[in-house]
Amino acid sequence: YIRNLTAGGIVGSLLFLLLIFAILRASWRSYQSAKDPLTVAFSAALFVATIGMLITGISGESFFIVRPAEHFWYFAGMAFAAMYFENHKNTNRLPS
């Protein structure tokens, strides 16, 4: 995280922490409120994967090395899509 601070500065590090906090909060809330088992699984897995990436980031640069980071962000996108469709399943319209 020191590399993140030196590369992005204080503003970049605060934005990174805000993004991580938003991911953790959204995945936890979705885990607690979702009815669909797939959304519950995605939410729990995203929460645990984010914690895991934070822990491995202590000794390495897990969010900045391409291989683990691309898998994490791809999965985060899939999980947020599942959360979105869980919240909007009663509408017949696709997002624009």
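Reference entry: report on the structure contained in this document.

### Thoughts on the packing of aromatic side chains
Applying the stated criterion across every chain yields a total of five aromatic pairs. Relative to Phe 47, the ring of Trp 28 lies with its centre 5.4 Å away and its plane at 45 degrees, an arrangement referred to as tilted. Taken together, the positions of Trp 28 in helix H1 (residues 2–33) and Phe 47 in helix H2 (residues 37–59) put the pair 19 residues apart, joining distant regions of the chain. Classification of Trp 28 by relative accessible area gives partly exposed; the value is 40%. Centre to centre, the rings of Phe 72 and Trp 73 are 4.9 Å apart; their planes meet at 75 degrees, and the pair counts as edge-to-face. Assessed through its relative accessible area of 5%, Phe 72 is described here as buried. Grouping aromatic residues by their ring pairs yields a cluster made of Trp 28, Tyr 31 and Phe 47.

### Considering the environment of Leu 5
When you line up the elements, Leu 5 lands in helix H1. Expressed as a C-alpha distance, the spacing of Leu 5 and Phe 16, which sit eleven residues apart in the sequence, is 9.8 Å. With sequence-adjacent residues up to four places away left out, Leu 5 is seen in contact with Ile 10 and Ser 13.

Conventions we followed
- Residues numbered from 1 in each chain as written.
- Predicted model: local features only at pLDDT ≥ 70, side-chain atom pairs only at ≥ 80, totals over all residues.
- Heavy atoms only, no water.
- Phe/Tyr/Trp six-rings, centres within 6.5 Å; stacked < 30°, edge-to-face > 60°.
- Helix = DSSP H or I, 4+ residues; strand = E, 2+ residues; numbered from the N terminus.
- Buried < 20%, exposed > 50% of the residue type's maximum accessible area, 1.4 Å probe, protein only.
- Contact = heavy atoms within 4.5 Å.

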